[in-house]
Every structure is written in structure tokens, then in C-alpha cells.
Amino acid sequence: LASRREPRPRVVGLTSDGNRDFVSGLGTYDEVRTYDQITGLSPSEPAVFVDMAGDRHVLRDVHTTYGADLAYSCQVGITHWEQLGAEPDLPGPTPQLFFAPSQIEKRTAEWGRDGLQRRFGDAWERFLGAVDDWVEIARAEGPEAVEAVYRDLLEGRSSPRIGHVLTL
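Our subject in this report is the structure included herewith. (Residues numbered from 1 in each chain as written. Predicted model: local features only at pLDDT ≥ 70, side-chain atom pairs only at ≥ 80, totals over all residues. Heavy atoms only, no water.)

### Observations regarding the environment of L59
Stated precisely, the cut-off is as follows: Strands here are runs of E lasting at least two residues and helices are runs of H or I lasting at least four, both read from the DSSP assignment and numbered beginning at the N terminus.
Mapped onto the elements, L59 comes out in helix α2 (residues 56–66). In this structure, the C-alpha to C-alpha distance between L59 and H164, residues 105 residues apart in sequence, is 28 Å.

### Observations regarding the packing of aromatic side chains
Test applied: Only Phe, Tyr and Trp rings are paired, with Trp represented by its six-membered ring, and only when their centres lie within 6.5 Å; those with planes under 30 degrees apart are stacked, over 60 edge-to-face, the remainder tilted. Only protein chains enter the accessibility calculation, which uses a 1.4 Å probe; a residue is then buried when its area is under 20% of its type maximum, exposed when over 50%, and partly exposed in between. Counted as over-ring charges are cases with an Arg CZ or a Lys NZ within 6 Å of the ring centre that also lie within 35 degrees of the ring normal.
Throughout the structure, instances matching the rule amount to three aromatic pairs. Ring centres of F120 and W124 lie 6.4 Å apart, and the angle between their planes is 5 degrees; on these two criteria the pair is classed as stacked. Separated by four residues within a single helix, F120 and W124 lie in helix α3 (residues 100–131), roughly one turn from each other. For F120, a relative accessible area of 52% translates into the label exposed. Residue W124 is classed as partly exposed on the basis of its relative accessible area of 45%. Ring pairs connect the aromatic residues F120, W124 and F127, which therefore count as one cluster. One cation-aromatic arrangement involves R119 over W111; the distance from NZ or CZ to the ring centre is 4.1 Å.

### Details of α3
Stated precisely, the cut-off is as follows: Each residue after the first adds 1.5 Å to the expected span of a helix. The angle between axes fitted to the seven-residue stretch ending at a residue and the seven-residue stretch beginning at it gives the bend at that residue.
For α3, spanning 32 residues, the distance from its first C-alpha to its last is only 21 Å, which falls clearly below the expected 46 Å at 1.5 Å a residue. A maximum bend of about 110 degrees is found in α3 at W111. When we look at burial in α3, the residues that qualify are G115, L116 and V131.

### Overview of the pairing of strand β6 (residues 136–141)
Short version of the rule: Each pair of strands is called paired provided DSSP finds at least two bridges between the two strands. By convention, orient the strands away from the viewer: a clockwise path from the first strand over the helix to the second makes the crossover right-handed.
Relative to strand β7 (residues 162–167), β6 is paired through six bridges, and the arrangement is parallel. When the sheet's bridge partners are listed, E136 is paired in β7 with I162. Crossover β6 to β7 through helix α4 (residues 143–154) is right-handed.

### Quick look at the pattern of salt bridges
Worth spelling out the cut-off: Salt bridges are defined as contacts in which a side-chain nitrogen from Lys or Arg sits within 4 Å of a carboxyl oxygen from Asp or Glu.
Here the structure, examined in full by the defined rule, presents eight salt bridges. A salt bridge links D61 to R60, with the nearest nitrogen and oxygen atoms 3.2 Å apart. Notably, a salt bridge pairs E110 with R107, separated by 2.5 Å at the nearest N-O pair. Separated by three residues within a single helix, E110 and R107 lie in helix α3, roughly one turn from each other.

### Thoughts on α2
Quick reminder of the rule: Residues count as neighbours in contact if any of their non-hydrogen atoms are within 4.5 Å of one another.
Those residues of α2 not exposed but buried are V58, L59, D61, V62, H63, T65 and Y66. On its buried face, α2 sits against β1 (12–15), β3 (47–51) and β4 (70–75). G67, located one to two residues past α2, shows a positive phi value of around 50 degrees.

Written as C-alpha cells, this is what we have:
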């Protein structure tokens, strides 16, 4: 969604080596780098970091690379839960935790319930249009199927192209 803003910011995607081709193929990033290439970035302007991984090593590398040029650091996800945890004394801003209920409360106060619903609906519609070409829904049923998908996700064997819908 950031790529649709005006003026359009330069957007760099960070991912694992195994997901690089997939992320590059999305067409939403100006540049895609693997986690081991973060320290090779050359800050030329202030940056914002939106952390979906929650990997303390990635967080450290981004903060160390950008330092004072990092305008904001936001922790949203923990897909790398096994590497979770912040290191003390990171250069740059203190990472802020994104907590959806707090944001919903804030935006409801600013825009009203109807304004929030309208904006959320508009953003969701734009997002769905962007993912339609790259996400495949896979449905499965039963405890064995749920466990198999869970284990594949834990071991990194699941394709990022597949969205699982599971029922017991």
C-alpha cells in the first residue's frame, strides 16, 4: 500500500533467501534484499522500518545500518518467533509495538466508527486487488491436516503463495 502513496516512497522488501524470488515477483518493492544483505544498504535519506519478522538480528542490523537516519521503527509481527527479543542499546529510535486494538481505538476517536469502517473497507479492497494474483487458497479439514500445515509452517516448508484455511 505504501507504493500507492504520493509522493511515492522507495520501498525495500527484506526477506529470507528462500522467499526472495516470491517477494521479488510481487512487484510491490523497488528493491528486494535478503536478511544477510541489510548491512550493505546505504542510507541516503531517512527510513521507516516495519518489522513483520520479529527477528532480533534483523532488527539490530536495520538499526545499526540506519542509526540516526531511521525515523521510525515499528514491530508488527513475529513470524520469526524463535528469534524474538530486542537487543539493548539499539541505535536510532526505540522500536514501537503495533497493537491493532489500540490503533482501532485511536482511529475511532479521530474518524468516528463510520469513518474507520469506510477507510478500512477501502484499504482492504485495494489490498485484496493486489494479492489476487499471487495468493492461492488451500482448504483442509481434520486434526491431521491442521497438524501437518502447522508443522510445515514451523519448519519453513510452506509456500508463501498459499493461504491455508483449516477446520477441525
